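Descriptive structure summary
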Amino acid sequence: MNSDTCAEKEVDIRPFAYAISLIDGKWKMHILFWLWKYEIMRYSQLKRALGTVTHKMLSSQLKELERDGIIIRTEYPQVPPKVEYSLSEKGKSMMPILSAFCK
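As the structure is a prediction and not an experimental result, all values here were calculated from the model.

Examined against the element boundaries, L58 turns out to sit in helix α5 (residues 55-67). When the C-alpha positions of L58 and Y43 are compared, they lie 8.7 Å apart, and in sequence the two are 15 residues distant. Ignoring sequence-local partners within four residues, the contact set of L58 consists of I31, Y43, L46, K47, L50 and V53.

The following block contains the structure:
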């Protein structure tokens, strides 16, 4: 495909840009991988699995994934507070792509 052909075609990059934005970030793919493998994980388990991630970064990435509907955050009203994370249906639908990346 030469550059003239590209210039003539109307290309809507928005769906691609949106999809990439969902997983953009140093730790998001790692978080998705661990939740895919273990299904439900607590914050401390994720932090331990990720190793060098900071509290601020992990918290930020989890909030973004939750905001985008990729993961579900379940908080249990107890002392101390118990919070679990899992993949949403939208997140689970991304797993065949993640699996293909792994191969």
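What follows concerns the side chain of E84. Locating E84 in the fold gives a position in strand β3 (residues 82-87). The exposure class of E84 is buried, given its relative accessible area of 15%. Here the side chain of E84 touches Y76 through a polar contact of 3.0 Å, side chain to side chain.

Of the pockets and cavities examined, the largest pocket occupies roughly 190 Å³. Lining the largest pocket we find F16, A19, I20, L22, I23, M29, L32, M94, M95, I97, L98 and F101. For the lining of the largest pocket, the elements supplying multiple residues, two or more each, are α2 (14-23), α3 (28-38) and α7 (95-102).

The subject of this paragraph is the packing of α3 against helix α4 (residues 43-50). Where α3 contacts α4, the axes come no closer than 10 Å and their chain directions differ by 115°. Seen from above, α3 lies across α4 with right-handed handedness. The residues of α4 that touch α3, namely those facing H30, I31, W34 and L35, are L46, A49 and L50. Here the residues of the contact of α3 with α4 are counted per class, giving six nonpolar, one polar and no charged.

Turning next to the sheet that holds β3. Here we have three strands laid out as an open sheet, ordered β1-β3-β2, and antiparallel in their pairing. Strands at the two margins of the open sheet, each flanked by one partner only, are β1 (40-42) and β2 (71-76). The mean angle between the axes of side-by-side strands here comes to 30°, regardless of whether they run parallel or antiparallel. Pairing geometry for β2 and β3, over six bridges, is antiparallel. Bridged to R73 within β3 is Y85. This element, α4, spans β1 and β3 of the sheet and lies at about 90° to β1.

Time to look at α3. Every buried residue of α3 is listed here: K28, I31, L32 and L35. Down the axis of α3, the smallest arc covering the buried residues is 95°, so these residues share one side. In the segment just after α3, E39 is the residue with positive phi, at about 70°.

On to the packing of aromatic side chains, then. In the structure shown here, the tally under the stated rule is three aromatic pairs. Geometrically, the ring pair formed by W34 and Y38 is stacked, given 5.9 Å between the ring centres and 15° between the ring planes. Placement of both W34 and Y38 in helix α3 is noted, with a separation of four residues, approximately one turn of the helix. On the basis of relative accessible area, W34 is assigned to the partly exposed category, the value being 24%. What links up through ring pairs into an aromatic cluster is the set F33, W34, W36 and Y38.

Rules used in this analysis
Residues numbered from 1 in each chain as written. Predicted model: local features only at pLDDT ≥ 70, side-chain atom pairs only at ≥ 80, totals over all residues. Heavy atoms only, no water. Helix = DSSP H or I, 4+ residues; strand = E, 2+ residues; numbered from the N terminus. Contact = heavy atoms within 4.5 Å. Buried < 20%, exposed > 50% of the residue type's maximum accessible area, 1.4 Å probe, protein only. Polar contact = N/O pair within 3.5 Å; in protein donor to acceptor, adjacent residues only side chain to side chain. 1 Å grid on protein atoms, 1.4 Å probe; cavity = no way out; pocket = protein on both sides within 12 Å on 5 of 7 lines; lining within 4 Å. Points joined across faces, edges and corners; volume = space filled by probe spheres on them. Axes fitted to C-alpha atoms, helices over the stretch in contact; angles between N-to-C directions. Left-handed = near helix turned anticlockwise from the far one by under 90°. Nonpolar A, V, L, I, M, F, W, Y, C, P; charged D, E, K, R; others polar. Pairing = 2+ DSSP bridges. Arc of directions from axis to C-beta. Phe/Tyr/Trp six-rings, centres within 6.5 Å; stacked < 30°, edge-to-face > 60°.

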